[in-house]
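The chain contents come next:
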There are 2 protein chains.
Amino acid sequence: MGASAGSAKTGRSAKVGRPAKDSREKDAREAILDVAEERFAKHGFHGVTVREVASAAHVNTALIHYYFNSKKELFDAVFMRRAETINRDRLDSMDAYEARLGDRVSVEGAIEAFLHPVLKRLHEGGEGWRNYFALVGLVNSTTAWGGEVMTRYFDPVIHRLIDLIARALPGASKQDLYWSYNFLSGSLTLSLAETGRIDRLSEGVCRSDDIPALEPRMIAYAAAGFRSVCVRSA
Amino acid sequence: MGASAGSAKTGRSAKVGRPAKDSREKDAREAILDVAEERFAKHGFHGVTVREVASAAHVNTALIHYYFNSKKELFDAVFMRRAETINRDRLDSMDAYEARLGDRVSVEGAIEAFLHPVLKRLHEGGEGWRNYFALVGLVNSTTAWGGEVMTRYFDPVIHRLIDLIARALPGASKQDLYWSYNFLSGSLTLSLAETGRIDRLSEGVCRSDDIPALEPRMIAYAAAGFRSVCVRSA
DNA sequence: AGGAAATTTAATCAGCCGCATAATTAATGC
DNA sequence: GCATTAATTATGCGGCTGATTAAATTTCCT
(Lines give C-alpha, C1' and ligand atoms only; values in the text may rest on other atoms or scores of the structure.)
Protein backbone atom coordinates (compact mmCIF):
# COMPACT_ATOMS: atom_id res chain seq x y z
CA MET A 1 0.00 0.00 0.00
CA GLY A 2 1.45 3.35 0.89
CA ALA A 3 1.63 6.12 -1.60
CA SER A 4 3.04 4.20 -4.51
CA ALA A 5 1.14 6.18 -7.05
CA GLY A 6 1.13 4.36 -10.30
CA SER A 7 2.47 7.43 -11.96
CA ALA A 8 4.50 8.55 -14.83
CA LYS A 9 6.87 6.01 -16.02
CA THR A 10 5.55 7.34 -19.27
CA GLY A 11 8.05 10.15 -19.59
CA ARG A 12 6.64 13.56 -18.74
CA SER A 13 4.34 13.55 -15.76
CA ALA A 14 3.03 16.49 -13.74
CA LYS A 15 5.58 18.96 -12.44
CA VAL A 16 6.78 17.03 -9.42
CA GLY A 17 10.16 17.41 -7.81
CA ARG A 18 12.74 20.13 -7.83
CA PRO A 19 12.18 22.63 -10.61
CA ALA A 20 14.79 23.57 -13.18
CA LYS A 21 16.81 26.54 -11.98
CA ASP A 22 16.02 28.88 -14.83
CA SER A 23 12.40 27.85 -15.12
CA ARG A 24 11.55 29.59 -11.87
CA GLU A 25 10.46 33.20 -11.96
CA LYS A 26 11.15 34.01 -8.32
CA ASP A 27 11.64 32.03 -5.21
CA ALA A 28 8.80 29.88 -3.97
CA ARG A 29 9.75 30.87 -0.43
CA GLU A 30 9.34 34.54 -1.19
CA ALA A 31 6.07 33.91 -2.96
CA ILE A 32 4.77 32.18 0.16
CA LEU A 33 5.87 35.07 2.34
CA ASP A 34 4.23 37.62 0.03
CA VAL A 35 0.92 35.83 -0.01
CA ALA A 36 0.98 35.13 3.71
CA GLU A 37 1.76 38.78 4.40
CA GLU A 38 -1.24 39.90 2.44
CA ARG A 39 -3.63 37.39 3.96
CA PHE A 40 -2.49 37.76 7.54
CA ALA A 41 -2.77 41.52 7.24
CA LYS A 42 -6.29 41.27 5.92
CA HIS A 43 -7.76 38.51 8.07
CA GLY A 44 -5.45 38.01 11.03
CA PHE A 45 -3.60 34.89 12.05
CA HIS A 46 -6.64 32.73 12.68
CA GLY A 47 -8.48 33.99 9.62
CA VAL A 48 -6.00 32.40 7.25
CA THR A 49 -5.36 28.73 6.50
CA VAL A 50 -2.09 27.35 5.23
CA ARG A 51 -4.01 25.68 2.44
CA GLU A 52 -5.23 29.09 1.34
CA VAL A 53 -1.73 30.52 1.37
CA ALA A 54 -0.35 27.53 -0.48
CA SER A 55 -3.02 27.71 -3.11
CA ALA A 56 -2.59 31.44 -3.73
CA ALA A 57 1.18 31.02 -3.92
CA HIS A 58 0.79 28.07 -6.30
CA VAL A 59 2.69 25.67 -4.10
CA ASN A 60 1.84 22.57 -2.14
CA THR A 61 0.90 22.96 1.50
CA ALA A 62 3.73 20.71 2.55
CA LEU A 63 6.20 23.16 1.09
CA ILE A 64 5.13 25.71 3.64
CA HIS A 65 5.92 23.31 6.44
CA TYR A 66 9.16 22.42 4.71
CA TYR A 67 10.31 26.03 4.84
CA PHE A 68 8.67 27.28 8.02
CA ASN A 69 7.83 24.23 10.15
CA SER A 70 4.51 25.56 11.35
CA LYS A 71 1.88 28.16 10.65
CA LYS A 72 2.99 30.19 13.65
CA GLU A 73 6.58 30.25 12.47
CA LEU A 74 5.41 31.32 9.04
CA PHE A 75 3.69 34.24 10.67
CA ASP A 76 6.82 35.14 12.61
CA ALA A 77 8.87 34.95 9.44
CA VAL A 78 6.49 37.36 7.74
CA PHE A 79 6.69 39.74 10.64
CA MET A 80 10.45 39.59 10.88
CA ARG A 81 11.22 39.89 7.18
CA ARG A 82 10.80 43.65 6.99
CA ALA A 83 11.19 44.53 10.65
CA GLU A 84 14.93 44.95 10.54
CA THR A 85 14.88 47.07 7.41
CA ILE A 86 12.38 49.51 8.79
CA ASN A 87 14.05 49.62 12.18
CA ARG A 88 17.39 50.52 10.67
CA ASP A 89 15.69 53.13 8.46
CA ARG A 90 14.19 54.83 11.46
CA LEU A 91 17.24 54.70 13.66
CA ASP A 92 19.37 56.09 10.85
CA SER A 93 16.84 58.81 10.24
CA MET A 94 16.83 59.89 13.87
CA ASP A 95 20.60 59.63 14.15
CA ALA A 96 21.01 61.85 11.10
CA TYR A 97 18.54 64.36 12.44
CA GLU A 98 20.27 64.57 15.78
CA ALA A 99 23.71 64.82 14.18
CA ARG A 100 22.44 67.71 12.11
CA LEU A 101 20.67 69.64 14.84
CA GLY A 102 22.78 68.88 17.88
CA ASP A 103 20.81 69.91 20.93
CA ARG A 104 18.62 72.30 19.03
CA VAL A 105 16.31 69.38 18.20
CA SER A 106 12.61 70.21 17.93
CA VAL A 107 9.58 68.10 18.69
CA GLU A 108 8.41 68.41 15.09
CA GLY A 109 11.81 67.41 13.75
CA ALA A 110 12.08 64.37 15.99
CA ILE A 111 8.62 63.16 15.12
CA GLU A 112 9.23 63.67 11.44
CA ALA A 113 12.48 61.71 11.63
CA PHE A 114 10.56 58.96 13.39
CA LEU A 115 7.60 58.88 11.04
CA HIS A 116 9.04 59.66 7.64
CA PRO A 117 10.80 56.35 6.92
CA VAL A 118 7.59 54.47 7.57
CA LEU A 119 5.36 56.78 5.59
CA LYS A 120 7.80 56.82 2.73
CA ARG A 121 7.76 53.03 2.49
CA LEU A 122 4.01 53.06 2.84
CA HIS A 123 3.76 55.52 -0.02
CA GLU A 124 6.41 54.25 -2.38
CA GLY A 125 7.27 50.77 -1.19
CA GLY A 126 4.63 48.95 -3.20
CA GLU A 127 2.01 46.48 -2.17
CA GLY A 128 4.31 44.37 -0.04
CA TRP A 129 5.14 47.16 2.32
CA ARG A 130 1.55 48.29 2.41
CA ASN A 131 0.44 44.85 3.47
CA TYR A 132 3.22 44.63 6.01
CA PHE A 133 2.23 47.84 7.72
CA ALA A 134 -1.38 46.81 7.80
CA LEU A 135 -0.22 43.69 9.57
CA VAL A 136 1.76 45.71 12.09
CA GLY A 137 -1.31 47.81 12.74
CA LEU A 138 -3.40 44.74 13.33
CA VAL A 139 -0.88 43.14 15.66
CA ASN A 140 -0.44 46.34 17.63
CA SER A 141 -4.07 46.43 18.67
CA THR A 142 -4.43 42.71 19.30
CA THR A 143 -4.79 42.15 22.99
CA ALA A 144 -3.58 38.59 23.33
CA TRP A 145 0.01 38.39 22.08
CA GLY A 146 0.19 41.62 20.06
CA GLY A 147 1.79 43.66 22.78
CA GLU A 148 4.66 41.27 23.36
CA VAL A 149 5.58 40.97 19.72
CA MET A 150 5.62 44.72 19.25
CA THR A 151 7.73 45.16 22.35
CA ARG A 152 10.37 42.76 21.19
CA TYR A 153 10.77 44.31 17.78
CA PHE A 154 10.06 47.99 18.10
CA ASP A 155 10.93 49.16 21.57
CA PRO A 156 14.47 50.33 20.82
CA VAL A 157 13.26 52.62 18.07
CA ILE A 158 10.61 54.08 20.30
CA HIS A 159 12.95 54.76 23.15
CA ARG A 160 15.19 56.57 20.71
CA LEU A 161 12.29 58.84 19.76
CA ILE A 162 11.33 59.50 23.34
CA ASP A 163 14.91 60.42 24.19
CA LEU A 164 14.97 62.87 21.32
CA ILE A 165 11.71 64.49 22.32
CA ALA A 166 12.78 64.62 25.95
CA ARG A 167 15.75 66.69 24.84
CA ALA A 168 13.47 69.06 22.97
CA LEU A 169 11.16 69.33 25.96
CA PRO A 170 13.41 69.53 29.01
CA GLY A 171 11.52 68.98 32.23
CA ALA A 172 8.88 66.74 30.70
CA SER A 173 7.95 63.85 32.94
CA LYS A 174 8.42 60.28 31.83
CA GLN A 175 4.74 59.63 32.37
CA ASP A 176 3.69 62.47 30.09
CA LEU A 177 6.15 61.39 27.44
CA TYR A 178 4.99 57.77 27.42
CA TRP A 179 1.32 58.63 27.37
CA SER A 180 1.90 61.04 24.52
CA TYR A 181 3.79 58.43 22.60
CA ASN A 182 0.91 56.06 23.12
CA PHE A 183 -1.42 58.51 21.43
CA LEU A 184 0.99 58.99 18.56
CA SER A 185 1.32 55.25 18.23
CA GLY A 186 -2.43 54.83 18.01
CA SER A 187 -2.73 57.46 15.31
CA LEU A 188 0.03 55.88 13.31
CA THR A 189 -1.28 52.37 13.75
CA LEU A 190 -4.72 53.27 12.49
CA SER A 191 -3.27 55.11 9.51
CA LEU A 192 -1.09 52.13 8.65
CA ALA A 193 -4.05 49.79 8.74
CA GLU A 194 -5.68 51.76 5.91
CA THR A 195 -9.09 50.33 6.66
CA GLY A 196 -10.78 52.82 4.38
CA ARG A 197 -12.59 54.08 7.43
CA ILE A 198 -11.75 57.75 6.89
CA ASP A 199 -12.79 57.49 3.26
CA ARG A 200 -16.29 56.48 4.18
CA LEU A 201 -16.52 58.76 7.17
CA SER A 202 -15.51 61.81 5.16
CA GLU A 203 -17.51 60.72 2.13
CA GLY A 204 -14.47 60.98 -0.08
CA VAL A 205 -12.99 64.18 1.24
CA CYS A 206 -10.04 62.20 2.61
CA ARG A 207 -8.49 59.03 1.25
CA SER A 208 -6.63 56.73 3.62
CA ASP A 209 -3.89 56.11 1.07
CA ASP A 210 -3.17 59.79 0.55
CA ILE A 211 0.15 59.86 2.37
CA PRO A 212 1.18 63.36 1.19
CA ALA A 213 -1.95 64.69 2.84
CA LEU A 214 -1.49 62.58 5.93
CA GLU A 215 2.15 63.15 6.76
CA PRO A 216 2.29 66.89 7.50
CA ARG A 217 -0.95 66.71 9.42
CA MET A 218 0.16 63.82 11.55
CA ILE A 219 3.42 65.55 12.38
CA ALA A 220 1.69 68.81 13.28
CA TYR A 221 -0.98 67.02 15.30
CA ALA A 222 1.43 64.87 17.28
CA ALA A 223 3.94 67.64 17.93
CA ALA A 224 1.26 69.95 19.27
CA GLY A 225 -0.11 67.10 21.34
CA PHE A 226 3.24 66.27 22.89
CA ARG A 227 3.88 69.88 23.74
CA SER A 228 0.48 70.38 25.26
CA VAL A 229 0.71 67.28 27.46
CA CYS A 230 4.33 67.63 28.47
CA VAL A 231 4.63 71.35 29.03
CA ARG A 232 1.97 72.18 31.59
CA SER A 233 3.76 70.02 34.16
CA ALA A 234 7.13 71.68 33.61
CA MET B 1 -32.36 4.45 15.93
CA GLY B 2 -31.80 8.09 16.77
CA ALA B 3 -30.86 9.46 20.10
CA SER B 4 -33.12 7.54 22.44
CA ALA B 5 -30.86 7.96 25.40
CA GLY B 6 -31.86 5.81 28.30
CA SER B 7 -32.05 8.78 30.59
CA ALA B 8 -33.62 9.94 33.72
CA LYS B 9 -37.00 8.45 34.24
CA THR B 10 -35.68 8.27 37.79
CA GLY B 11 -37.10 11.58 38.93
CA ARG B 12 -34.62 14.43 39.12
CA SER B 13 -32.30 14.55 36.13
CA ALA B 14 -29.94 17.32 35.14
CA LYS B 15 -31.42 20.75 34.73
CA VAL B 16 -32.92 20.22 31.32
CA GLY B 17 -35.80 22.10 29.81
CA ARG B 18 -37.35 25.45 30.24
CA PRO B 19 -36.24 27.09 33.47
CA ALA B 20 -38.59 28.76 35.92
CA LYS B 21 -38.82 32.42 35.03
CA ASP B 22 -37.65 33.71 38.41
CA SER B 23 -35.39 30.81 39.28
CA ARG B 24 -32.75 31.93 36.86
CA GLU B 25 -29.84 33.89 38.18
CA LYS B 26 -29.32 35.51 34.86
CA ASP B 27 -30.16 34.50 31.36
CA ALA B 28 -28.32 31.76 29.55
CA ARG B 29 -28.43 34.07 26.59
CA GLU B 30 -26.66 36.80 28.50
CA ALA B 31 -24.07 34.37 29.77
CA ILE B 32 -23.30 33.39 26.20
CA LEU B 33 -22.97 37.02 25.17
CA ASP B 34 -20.68 37.77 28.10
CA VAL B 35 -18.35 34.91 27.34
CA ALA B 36 -18.37 35.58 23.61
CA GLU B 37 -17.59 39.23 24.24
CA GLU B 38 -14.55 38.34 26.27
CA ARG B 39 -13.23 35.75 23.85
CA PHE B 40 -13.86 37.72 20.68
CA ALA B 41 -12.14 40.73 22.19
CA LYS B 42 -9.12 38.68 23.14
CA HIS B 43 -8.69 36.45 20.09
CA GLY B 44 -10.77 37.93 17.31
CA PHE B 45 -13.63 36.33 15.42
CA HIS B 46 -11.63 33.51 13.90
CA GLY B 47 -9.69 32.80 17.07
CA VAL B 48 -12.77 31.63 18.94
CA THR B 49 -14.87 28.49 18.49
CA VAL B 50 -18.51 28.20 19.39
CA ARG B 51 -17.66 25.09 21.40
CA GLU B 52 -15.27 27.15 23.46
CA VAL B 53 -17.91 29.79 24.11
CA ALA B 54 -20.52 27.17 24.92
CA SER B 55 -18.24 25.39 27.31
CA ALA B 56 -17.19 28.54 29.16
CA ALA B 57 -20.82 29.65 29.40
CA HIS B 58 -21.86 26.19 30.66
CA VAL B 59 -24.35 25.63 27.89
CA ASN B 60 -24.69 23.26 24.98
CA THR B 61 -23.34 24.36 21.61
CA ALA B 62 -26.73 23.92 19.99
CA LEU B 63 -28.13 26.54 22.36
CA ILE B 64 -25.91 29.14 20.78
CA HIS B 65 -27.34 28.34 17.37
CA TYR B 66 -30.81 28.31 18.87
CA TYR B 67 -30.41 31.87 20.08
CA PHE B 68 -28.14 33.36 17.42
CA ASN B 69 -28.43 31.11 14.34
CA SER B 70 -24.76 31.36 13.45
CA LYS B 71 -21.39 32.31 14.82
CA LYS B 72 -21.38 35.47 12.74
CA GLU B 73 -24.74 36.56 14.11
CA LEU B 74 -23.51 35.87 17.63
CA PHE B 75 -20.65 38.23 16.96
CA ASP B 76 -23.01 40.88 15.64
CA ALA B 77 -25.22 40.47 18.69
CA VAL B 78 -22.21 41.02 20.94
CA PHE B 79 -21.25 44.11 19.04
CA MET B 80 -24.76 45.54 19.03
CA ARG B 81 -25.61 44.86 22.65
CA ARG B 82 -23.76 47.83 24.09
CA ALA B 83 -23.51 49.99 20.98
CA GLU B 84 -26.80 51.75 21.49
CA THR B 85 -26.12 52.50 25.14
CA ILE B 86 -22.78 54.06 24.50
CA ASN B 87 -24.03 55.97 21.47
CA ARG B 88 -26.84 57.54 23.44
CA ASP B 89 -24.42 58.34 26.27
CA ARG B 90 -22.16 60.23 23.92
CA LEU B 91 -24.88 62.07 22.02
CA ASP B 92 -26.48 63.14 25.29
CA SER B 93 -23.12 64.28 26.58
CA MET B 94 -22.43 66.42 23.54
CA ASP B 95 -25.98 67.76 23.48
CA ALA B 96 -25.71 68.79 27.10
CA TYR B 97 -22.36 70.42 26.51
CA GLU B 98 -23.63 72.42 23.57
CA ALA B 99 -26.78 73.44 25.41
CA ARG B 100 -24.64 74.70 28.25
CA LEU B 101 -22.07 76.60 26.21
CA GLY B 102 -24.10 77.80 23.23
CA ASP B 103 -21.65 78.96 20.61
CA ARG B 104 -18.84 79.48 23.04
CA VAL B 105 -17.94 75.80 22.65
CA SER B 106 -14.24 74.97 22.90
CA VAL B 107 -12.24 72.24 21.26
CA GLU B 108 -11.30 70.81 24.65
CA GLY B 109 -14.90 70.83 25.81
CA ALA B 110 -16.18 69.11 22.70
CA ILE B 111 -13.54 66.42 22.87
CA GLU B 112 -14.17 65.86 26.54
CA ALA B 113 -17.89 65.51 25.92
CA PHE B 114 -17.10 62.99 23.21
CA LEU B 115 -14.58 60.96 25.19
CA HIS B 116 -15.83 61.04 28.74
CA PRO B 117 -18.79 58.67 28.42
CA VAL B 118 -16.53 56.01 26.95
CA LEU B 119 -13.72 56.46 29.43
CA LYS B 120 -16.16 56.47 32.31
CA ARG B 121 -17.63 53.13 31.26
CA LEU B 122 -14.16 51.81 30.68
CA HIS B 123 -13.17 52.85 34.17
CA GLU B 124 -16.28 52.02 36.15
CA GLY B 125 -18.34 49.78 33.91
CA GLY B 126 -16.77 46.52 35.00
CA GLU B 127 -15.27 43.70 33.02
CA GLY B 128 -18.06 43.53 30.46
CA TRP B 129 -17.53 47.05 29.24
CA ARG B 130 -13.79 46.62 29.30
CA ASN B 131 -14.05 43.59 27.06
CA TYR B 132 -16.50 45.35 24.81
CA PHE B 133 -14.20 48.29 24.21
CA ALA B 134 -11.28 46.01 23.54
CA LEU B 135 -13.45 44.39 20.90
CA VAL B 136 -14.29 47.74 19.37
CA GLY B 137 -10.60 48.55 19.23
CA LEU B 138 -9.87 45.30 17.51
CA VAL B 139 -12.64 45.71 14.95
CA ASN B 140 -11.64 49.28 14.22
CA SER B 141 -8.20 48.27 13.02
CA THR B 142 -9.30 45.18 11.17
CA THR B 143 -8.91 45.83 7.50
CA ALA B 144 -11.39 43.36 6.07
CA TRP B 145 -14.82 44.20 7.42
CA GLY B 146 -13.88 46.33 10.42
CA GLY B 147 -14.36 49.62 8.68
CA GLU B 148 -17.87 48.91 7.51
CA VAL B 149 -19.10 47.78 10.88
CA MET B 150 -17.71 50.84 12.60
CA THR B 151 -19.24 53.10 9.97
CA ARG B 152 -22.69 51.69 10.42
CA TYR B 153 -22.70 52.02 14.17
CA PHE B 154 -20.59 55.00 15.08
CA ASP B 155 -20.67 57.52 12.27
CA PRO B 156 -23.53 59.64 13.61
CA VAL B 157 -21.71 60.21 16.90
CA ILE B 158 -18.55 61.16 15.10
CA HIS B 159 -20.24 63.63 12.82
CA ARG B 160 -21.77 65.22 15.88
CA LEU B 161 -18.26 65.71 17.33
CA ILE B 162 -16.88 67.13 14.12
CA ASP B 163 -19.74 69.60 13.88
CA LEU B 164 -19.05 70.76 17.41
CA ILE B 165 -15.35 71.20 16.78
CA ALA B 166 -16.02 72.96 13.50
CA ARG B 167 -18.01 75.50 15.46
CA ALA B 168 -15.12 76.02 17.85
CA LEU B 169 -12.68 76.35 14.95
CA PRO B 170 -14.44 78.44 12.33
CA GLY B 171 -12.70 78.33 8.98
CA ALA B 172 -11.28 74.86 9.48
CA SER B 173 -11.39 72.76 6.32
CA LYS B 174 -13.31 69.51 6.19
CA GLN B 175 -10.15 67.71 5.22
CA ASP B 176 -8.23 68.95 8.24
CA LEU B 177 -11.10 68.09 10.54
CA TYR B 178 -11.45 64.55 9.26
CA TRP B 179 -7.75 63.82 9.35
CA SER B 180 -7.54 65.14 12.86
CA TYR B 181 -10.45 63.01 13.92
CA ASN B 182 -8.69 60.02 12.43
CA PHE B 183 -5.70 60.65 14.68
CA LEU B 184 -7.93 61.02 17.70
CA SER B 185 -9.72 57.83 16.78
CA GLY B 186 -6.46 55.93 16.58
CA SER B 187 -5.35 57.17 19.97
CA LEU B 188 -8.66 56.21 21.52
CA THR B 189 -8.78 52.84 19.84
CA LEU B 190 -5.37 51.84 21.07
CA SER B 191 -6.20 52.97 24.58
CA LEU B 192 -9.42 50.98 24.54
CA ALA B 193 -7.61 47.84 23.48
CA GLU B 194 -5.55 47.93 26.66
CA THR B 195 -2.92 45.64 25.26
CA GLY B 196 -0.54 46.35 28.10
CA ARG B 197 1.82 47.75 25.54
CA ILE B 198 2.44 51.03 27.33
CA ASP B 199 3.03 49.18 30.58
CA ARG B 200 5.93 47.25 29.14
CA LEU B 201 7.23 50.13 27.08
CA SER B 202 7.36 52.46 30.05
CA GLU B 203 8.56 49.73 32.39
CA GLY B 204 5.70 50.38 34.79
CA VAL B 205 5.68 54.16 34.71
CA CYS B 206 2.30 54.07 32.97
CA ARG B 207 -0.47 51.51 33.29
CA SER B 208 -2.89 51.08 30.42
CA ASP B 209 -5.83 50.74 32.80
CA ASP B 210 -5.08 54.01 34.59
CA ILE B 211 -7.98 55.97 33.15
CA PRO B 212 -7.64 58.97 35.50
CA ALA B 213 -4.13 59.45 34.17
CA LEU B 214 -5.16 58.85 30.58
CA GLU B 215 -8.23 61.05 30.27
CA PRO B 216 -6.83 64.56 30.84
CA ARG B 217 -3.78 63.78 28.74
CA MET B 218 -5.78 62.46 25.85
CA ILE B 219 -8.03 65.50 25.89
CA ALA B 220 -5.11 67.92 26.01
CA TYR B 221 -3.22 66.03 23.33
CA ALA B 222 -6.12 65.80 20.91
CA ALA B 223 -7.30 69.36 21.41
CA ALA B 224 -3.84 70.77 20.74
CA GLY B 225 -3.55 68.49 17.74
CA PHE B 226 -6.85 69.61 16.26
CA ARG B 227 -5.95 73.24 16.72
CA SER B 228 -2.51 72.84 15.21
CA VAL B 229 -3.79 71.03 12.12
CA CYS B 230 -6.91 73.10 11.54
CA VAL B 231 -5.67 76.59 12.29
CA ARG B 232 -2.72 77.10 9.97
CA SER B 233 -5.02 76.82 6.95
CA ALA B 234 -7.52 79.36 8.26
C1' DA C 1 -55.85 19.25 32.84
C1' DG C 2 -53.82 19.37 28.62
C1' DG C 3 -51.88 21.20 24.55
C1' DA C 4 -48.64 24.81 22.82
C1' DA C 5 -44.46 27.04 23.25
C1' DA C 6 -39.84 27.58 25.10
C1' DT C 7 -35.43 25.85 26.47
C1' DT C 8 -31.99 22.48 26.69
C1' DT C 9 -29.41 18.20 25.59
C1' DA C 10 -27.19 14.26 23.12
C1' DA C 11 -25.66 12.69 19.02
C1' DT C 12 -24.11 13.29 14.70
C1' DC C 13 -22.58 15.11 10.06
C1' DA C 14 -19.90 16.76 6.30
C1' DG C 15 -16.03 19.32 5.72
C1' DC C 16 -11.86 21.65 6.74
C1' DC C 17 -7.58 22.16 9.67
C1' DG C 18 -2.53 21.76 10.56
C1' DC C 19 0.77 18.63 9.85
C1' DA C 20 3.52 14.29 8.50
C1' DT C 21 5.39 10.93 5.33
C1' DA C 22 6.99 9.18 1.29
C1' DA C 23 7.93 9.82 -3.51
C1' DT C 24 9.91 12.47 -7.19
C1' DT C 25 13.03 15.45 -9.62
C1' DA C 26 16.99 18.74 -10.17
C1' DA C 27 21.29 20.64 -8.50
C1' DT C 28 25.72 20.04 -6.25
C1' DG C 29 30.05 18.07 -4.51
C1' DC C 30 33.60 14.77 -4.70
C1' DG D 1 29.46 9.57 -12.59
C1' DC D 2 27.55 8.66 -8.57
C1' DA D 3 25.95 9.81 -3.92
C1' DT D 4 24.13 13.44 -1.37
C1' DT D 5 21.35 17.29 -0.69
C1' DA D 6 17.67 20.66 -1.92
C1' DA D 7 13.14 21.60 -3.52
C1' DT D 8 8.82 20.16 -4.56
C1' DT D 9 4.32 17.33 -4.93
C1' DA D 10 0.83 13.62 -3.86
C1' DT D 11 -1.54 11.56 -0.45
C1' DG D 12 -3.57 10.99 3.77
C1' DC D 13 -4.42 10.95 8.98
C1' DG D 14 -6.48 12.37 13.23
C1' DG D 15 -8.79 15.96 15.15
C1' DC D 16 -11.53 19.91 15.32
C1' DT D 17 -15.30 23.15 13.27
C1' DG D 18 -19.80 25.16 12.47
C1' DA D 19 -24.07 23.53 11.99
C1' DT D 20 -28.28 20.30 12.18
C1' DT D 21 -31.68 17.23 13.95
C1' DA D 22 -34.60 14.82 16.96
C1' DA D 23 -35.88 14.30 21.32
C1' DA D 24 -36.43 15.49 26.31
C1' DT D 25 -37.93 18.41 29.82
C1' DT D 26 -40.15 22.29 31.71
C1' DT D 27 -43.30 26.26 32.01
C1' DC D 28 -47.08 29.03 30.15
C1' DC D 29 -51.80 29.63 28.61
C1' DT D 30 -56.47 28.58 28.69
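Preceding this paragraph is the structure being described.
Before going into details, it helps to say that this report is about the structure given with it. Fair warning: this is a prediction, and the values are worked out from it, not measured in the lab.

Quick notes on the rules
Residues numbered from 1 in each chain as written. Chains lettered and ligands numbered in written order. Predicted model: local features only at pLDDT ≥ 70, side-chain atom pairs only at ≥ 80, totals over all residues. Heavy atoms only, no water. Contact = heavy atoms within 4.5 Å. Buried area = accessible area lost by both parts, 1.4 Å probe. Salt bridge = Lys/Arg side-chain N within 4 Å of Asp/Glu carboxyl O. Helix = DSSP H or I, 4+ residues; strand = E, 2+ residues; numbered from the N terminus. Nonpolar A, V, L, I, M, F, W, Y, C, P; charged D, E, K, R; others polar. Core = buried A, V, L, I, M, F, W, Y, C linked by side-chain atoms within 4.5 Å. Buried < 20%, exposed > 50% of the residue type's maximum accessible area, 1.4 Å probe, protein only. Least-squares fit on C-alpha atoms with pLDDT ≥ 70 in both. Axes fitted to C-alpha atoms, helices over the stretch in contact; angles between N-to-C directions. Parallel < 35°, antiparallel > 145°, perpendicular 65-115°, else oblique.

### Comments concerning the interface of chain A and chain B
Between chain A and chain B, the contact holds 62 residues from the first and 62 residues from the second. Summed over both partners, the interface of chain A with chain B buries about 5,500 Å², with 65% contributed by carbon and sulfur atoms. At the junction of chain A and chain B, the tally comes to four salt bridges. Close ionic contact of Asp155(B) with Arg197(A) constitutes a salt bridge, the shortest N to O distance being 3.3 Å. Contributions of two or more residues to the side of chain A that touches chain B are made by α1 (28–43), α6 (126–140), α7 (146–168), α8 (174–193), α9 (197–201) and α10 (211–231) of chain A. With 16 residues, the top contributor of residues to the side of chain A that touches chain B is α8(A). Split into classes, the residues belonging to the side of chain A that touches chain B amount to 27 nonpolar, 23 polar and 12 charged.

### Topic: the nonpolar core
Of all hydrophobic cores here, the largest spans 155 residues; its most connected members are Phe226(A) and Phe226(B). With residues near it in sequence (within four places) discarded, Phe226(B) still touches Tyr221(A), Val107(B), Ile111(B), Ile165(B), Leu169(B), Leu177(B), Ser180(B), Tyr181(B) and Leu184(B).

### Some details on the relation of the copies chain A and chain B
Note that the two copies of the chain are related through a rotation about an axis and a translation along the same axis. Aligned on chain B, chain A shows an RMSD of 0.1 Å; the corresponding rotation is 180° and the shift along the axis is 0.0 Å. Read as a symmetry element, the transformation amounts to a two-fold axis. Nearest to the rotation axis, the C-alpha of Gly186(A) is located 2.2 Å from it, this being the minimum over chain A. In this assembly, 100% of the residues forming the interface of chain A have copies in chain B that are likewise at the interface, indicating an isologous arrangement.

### Section: the environment of Arg82(A)
Residues and elements named next belong to chain A. Along the polypeptide, Arg82 turns up in helix α4 (residues 71–101). Arg82 sits 46 residues away from Gly128 along the chain, and the two C-alpha atoms are 9.6 Å apart. Other than its neighbours up to four places away in sequence, Arg82 contacts Asp34, Glu37, Gly128, Trp129 and Tyr132.

### Topic: unusual backbone geometry
All names here are of chain B. In this structure, Asn69 is a non-glycine residue whose phi angle is positive, near 70°. Positionally, Asn69 belongs in the loop between α3 (61–68) and α4 (71–101). With a relative accessible area of 52%, Asn69 lands in the exposed category.

### Some words on the packing of helix α1 (residues 28–43) of chain B against α4(B)
All names here are of chain B. For the pair α1 and α4, interaxial distance at closest approach is 10 Å and the crossing angle is 95°. Relative to α4, the element α1 is oriented roughly perpendicular. Each of Glu30, Ile32, Leu33, Asp34, Ala36, Glu37 and Phe40 in α1 lies in contact with α4, whose residues at this interface are Lys71, Leu74, Phe75, Ala77, Val78, Arg81 and Arg82.

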